[in-house]
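# Fold and geometry: a report
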Amino acid sequence: MKNDKQRHDNQVISTYALTKQGTELMPLIFAMKKWGTQHLVCDETGSRSEWSRSNV
């Protein structure tokens, strides 16, 4: 990841960008997100509950 910091009116503004190596991880990150969305279980209050090994 590349982080460019700039100062503007007493504030630090950071801009982040992925390097070539970072962009190569995107298929893995998207696959992990998809898996999480499919396996995340929320109760009626919106709280996350533990998923069981039977869901594997």
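Read on for a plain summary of the structure. (Residues numbered from 1 in each chain as written. Predicted model: local features only at pLDDT ≥ 70, side-chain atom pairs only at ≥ 80, totals over all residues. Heavy atoms only, no water.)

### What to know about the pattern of salt bridges
- Throughout the structure, instances matching the rule amount to 1 salt bridge.
- Across the pair lysine 20 and glutamate 24 runs a salt bridge whose closest N-O atoms are separated by 3.0 Å. Across this residue pair, the class does not change: lysine 20 and glutamate 24 are exposed. (Salt bridge = Lys/Arg side-chain N within 4 Å of Asp/Glu carboxyl O. Buried < 20%, exposed > 50% of the residue type's maximum accessible area, 1.4 Å probe, protein only.)

### Let's talk about the environment of tyrosine 16
- When you line up the elements, tyrosine 16 lands in strand β2 (residues 11–17).
- C-alpha of tyrosine 16 to C-alpha of lysine 5: the two residues are 11 residues apart in sequence and 8.8 Å apart in space. (Helix = DSSP H or I, 4+ residues; strand = E, 2+ residues; numbered from the N terminus.)

### Let's talk about the pairing of strand β1 (residues 2–8)
- By the bridge criterion, 7 bridges tie β1 to β2 in an arrangement that is antiparallel. Note on β2: the bridge partner recorded for histidine 8 is glutamine 11.
- Hairpin connection between β1 and β2: a loop of 2 residues separates the two successive antiparallel strands, and aspartate 9 in this loop has a positive phi of roughly 50 degrees. (Pairing = 2+ DSSP bridges.)

### Notes on the environment of threonine 23
- Looking at the element boundaries, threonine 23 is found in helix α1 (residues 20–23).
- When its relative accessible area of 41% is taken as the criterion, threonine 23 is described as partly exposed.

### Focus: unusual backbone geometry
- A positive phi angle, close to 50 degrees, is found at aspartate 9, a residue other than glycine.
- Summarising the element assignment, aspartate 9 is placed in the loop between β1 and β2.
- Using a relative accessible area of 66% as the deciding quantity, one classes aspartate 9 as exposed.
- In this structure, asparagine 10 takes a positive phi of about 65 degrees despite not being glycine.

### Observations regarding a nonpolar patch on the surface
- Residues Leu25, Leu28, Ile29 and Met32 make up a contiguous nonpolar surface patch of roughly 390 Å² in combined accessible area.
- Of note, methionine 32 is situated in helix α2 (residues 26–39). (Patch = residues over 30% accessible without salt bridge, like charges linked within 9 Å, V, L, I, M, F, W, Y side chains within 5 Å. Areas by Shrake-Rupley, 256 points an atom, 1.4 Å probe, with all protein chains shown as cover.)

### Regarding α2
- Helix length check: α2, at 14 residues, gives a terminal C-alpha distance of 20 Å against a target of 20 Å (1.5 Å per residue), a fit within 8%.
- Among the 14 residues of α2, 1 are classified as buried, and the element is accordingly described as predominantly exposed. (Expected span 1.5 Å × (residues − 1).)

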